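Descriptive structure summary
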Amino acid sequence: MASIFTKIILGEIPSYKIAEDENFIAFLDVNPNAKGHTLVVPKREENKLFDLSEEEYNGLMSFSYRVAKAIEKTIPCKRVGMSVIGLEVPHVHVHLIPLNTMADIQFIEKEKLTNDEFVTIAKNISNNFS
């Protein structure tokens, strides 16, 4: 059965897309730790990060780097943190989270955003993606 991320990739579920190429996609997390919390996902469904080929892994990190730089240009924060946990969805994904405190990366407190806020944030980060 396809993961929720595969359904997003196929356009079956809407998302707040930031960037995409032939192998990866980045979109806002709909249950974010902070404004700008973004998920970077390989288009090929794979459950575990280290089950990716070395080439796919390096591609994911390179794409994530570019997304993180766009987040830094867009969202006021001390830094962009990265977390790869992957237990909640069986499809490799990188969390890129704008950090101002250590609590921002703990997946405890969540940011509540309106649809308009999600749309604006996604557009602004996308505009800074290169």
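For the structure, see preceding data.
Residues numbered from 1 in each chain as written. Predicted model: local features only at pLDDT ≥ 70, side-chain atom pairs only at ≥ 80, totals over all residues. Heavy atoms only, no water.

Let's talk about the overall build of the protein
- Counting its secondary structure elements, the protein contains 3 helices and 5 strands.
- Each helix and strand of the protein, placed in order from N terminus to C terminus, yields the pattern α-β-β-β-α-β-β-α.
- For 130 residues, the compact-globule estimate of 2.2 N^0.38 gives 14 Å, and the C-alpha radius of gyration of the protein, at 14 Å, lies within 12% of that figure.
- Expressed as lengths along the three principal axes of its C-alpha atoms, the size of the protein is roughly 35 × 30 × 30 Å.
- By sequence separation, contacts in the protein at least 24 residues apart represent 58% of the contacts at least 6 residues apart.
- Computed over 14 positive and 18 negative side-chain charges, the separation of the two mean positions in the protein equals 5 Å. (Helix = DSSP H or I, 4+ residues; strand = E, 2+ residues; numbered from the N terminus. Rg over C-alpha atoms; globule rule 2.2 N^0.38 Å. Contact = heavy atoms within 4.5 Å. Lys, Arg positive; Asp, Glu negative; His and termini not counted. Charge placed at Lys NZ, Arg CZ, Asp CG, Glu CD.)

Digging into helix α2 (residues 54-74)
- Given a rise of 1.5 Å per residue, 21 residues ought to cover 30 Å, and the 30 Å separating the end C-alpha atoms of α2 matches this to within 8%.
- Among the residues making up α2, those that are buried are Leu60, Met61, Phe63, Ser64, Val67, Ala68, Ala70 and Ile71.
- Buried-residue contacts for α2 involve β1 (17-20), β2 (24-28), β3 (38-42), β4 (79-83), β5 (94-99) and α3 (115-127). (Expected span 1.5 Å × (residues − 1). Buried < 20%, exposed > 50% of the residue type's maximum accessible area, 1.4 Å probe, protein only.)

Some remarks on the sheet that holds β5
- Pairing in this open sheet of 5 strands is antiparallel, and the strands run β1-β2-β3-β5-β4 from one edge to the other. Looking at strand neighbours, the two that pair on one side only are β1 and β4, the edges of this open sheet. Averaged over all adjacent pairs, the angle separating strand axes in this sheet is 20°, with direction ignored.
- Direction of pairing for β1 relative to β2: antiparallel, over a ladder of 3 bridges. Considered in β2, the bridge of glutamate 20 is made with isoleucine 25. (Pairing = 2+ DSSP bridges. Axes fitted to C-alpha atoms, helices over the stretch in contact; angles between N-to-C directions.)

Let's talk about the pattern of salt bridges
- Taken as a whole and judged by the stated rule, the model has 6 salt bridges.
- The salt bridge involving lysine 43 is made with glutamate 20; its shortest N-O contact spans 2.8 Å. In this pair, lysine 43 sits in the loop between β3 and α2 while glutamate 20 sits in strand β1, placing the two residues 23 residues apart along the sequence.
- In this structure lysine 43 comes out as partly exposed when scored by relative accessible area, which is 23%.
- Where lysine 69 meets glutamate 72, a salt bridge forms, and the shortest distance between an N and an O atom there is 3.6 Å. With lysine 69 and glutamate 72 both in helix α2 and 3 residues apart, the pair spans about one turn of that helix. (Salt bridge = Lys/Arg side-chain N within 4 Å of Asp/Glu carboxyl O.)

Structural measurements only, silent on function.
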